[in-house]
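Reading the structure
Next come the chains, spelled out residue by residue.
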Amino acid sequence: MSKDKPIGIFDSGVGGTSIWKEIHHLLPLEHTIYLADSANAPYGEKPSEEILRLSVKNTEKLIAMGAKIIVVACNTATTNAISRLRTSYNLPFIGIEPAIKPAALQSKAKCIGILATKGTLSSALFAKTSDLYSRDNKIIEVVGKGLVEQIEKGQKDSPFIKAMLTELLQPMLKAGIDHLVLGCSHYPYLIPSLKEILPPHVQIIDSGMAVAKQTKVVLQSLDLLTDMQQHIPEFYTNGDPKVLQTIIPSPAGSFVVKQMDF
Ligand code: DGL
């Protein structure tokens, strides 16, 4: 495998750009190719087998585009499909899972909230980690029903979204959480709205930086870090390119967005 091949990243839609941002920040010389499967979003309400089928489709597209490593920038796809992707393809995969561990270890109230999709919260991988930390902590799980659909429309801080969040967070606030884990890569875009709703002592935890660090560690260990010049990041969507274009956390002109069927 050549070190100058791209890092392939996929998500059910535009949300994984929150992970791309961390990867690009930590590894600015790396060529990144991002697939937003917005035509099939949300994954979170789909059966596990369908999430696997879509993850295989995205993986094969990224392999065909030359990826040296694949970052599954979607908690739903990671928790439902990554173990089978790892056994089926001969390249490294990095996944993202709700950061229960740091939240549980830091929580003084011993009470944490997890906001994620139905697909993530009902997965065996999530249940395993959650069981481990629920011995010493109260874990309040809430499905962020409807949130991904709003973000896919480019809505992050509308009164409608804020009303949805206020209702979704009620059981967590009632239970007295002091940490909120964002278990979906779309949700970091809701942080400004969440901060308006949550009491100031509640810490918001997301896994983006940890994923970027893990990507670097794995590339380094395989001697796959590039030593070439910087590339222009490429983003492909099978949905509306305008939403992707406006959400990418990078100055306009510093990346390319293209529409593609996949
Ligand atoms: N970004 C995906 C995740 O991290 C969203 C899943 C969905 O499409 O429902 O779970």
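As the structure is a computational prediction, the values presented were derived from the model and not from experiment.

**Re the pattern of salt bridges**
- Scanning the model with the defined rule gives eight salt bridges in all.
- Of the charged contacts in the structure, one is a salt bridge between Asp 37 and Lys 57, with a shortest N-O distance of 3.1 Å. Pair noted here: Asp 37 is in the loop between strand S2 (32–36) and helix H2 (48–64) and Lys 57 is in helix H2, with a separation of 20 residues, a long-range link.
- Among the residues examined, Asp 37 registers a relative accessible area of 0% and is labelled buried.
- According to the relative accessible area criterion, Lys 57 is partly exposed, its value standing at 22%.
- A salt bridge links Glu 50 to Arg 53; the shortest N-O distance between them is 3.0 Å. A residue pair is termed a helical-turn pair when its members lie 3 or 4 positions apart in one helix, as Glu 50 and Arg 53 do in helix H2 at three residues.
- Relative accessible area serves as the criterion here: at 24%, Glu 50 is assigned to the partly exposed category.
- The network of salt bridges with common partners includes Lys 3, Asp 223 and Asp 227.

**Side note on the packing of H2 against helix H3 (residues 75–88)**
- Taken N-terminus to C-terminus, the directions of H2 and H3 make an angle of 70°; their axes are 9 Å apart at the nearest point. As summarised for this structure, H2 and H3 are arranged roughly perpendicular, according to the angle between their axes. Considering the relative orientation of H2 and H3, their crossing is right-handed. When H2 is examined against H3, the residues Ser 48, Glu 49, Ile 51, Leu 52, Ser 55, Val 56 and Thr 59 are found in contact with a partner set consisting of Thr 76, Ala 77, Asn 80, Ala 81, Arg 84 and Leu 85.
- Broken down by class, the residue content of the contact of H2 with H3 amounts to six nonpolar, five polar and two charged.

Each value, and the rule that gives it
Residues numbered from 1 in each chain as written. Predicted model: local features only at pLDDT ≥ 70, side-chain atom pairs only at ≥ 80, totals over all residues. Heavy atoms only, no water. Salt bridge = Lys/Arg side-chain N within 4 Å of Asp/Glu carboxyl O. Helix = DSSP H or I, 4+ residues; strand = E, 2+ residues; numbered from the N terminus. Buried < 20%, exposed > 50% of the residue type's maximum accessible area, 1.4 Å probe, protein only. Axes fitted to C-alpha atoms, helices over the stretch in contact; angles between N-to-C directions. Parallel < 35°, antiparallel > 145°, perpendicular 65-115°, else oblique. Left-handed = near helix turned anticlockwise from the far one by under 90°. Contact = heavy atoms within 4.5 Å. Nonpolar A, V, L, I, M, F, W, Y, C, P; charged D, E, K, R; others polar.

The values are spatial; any link to function lies outside them.
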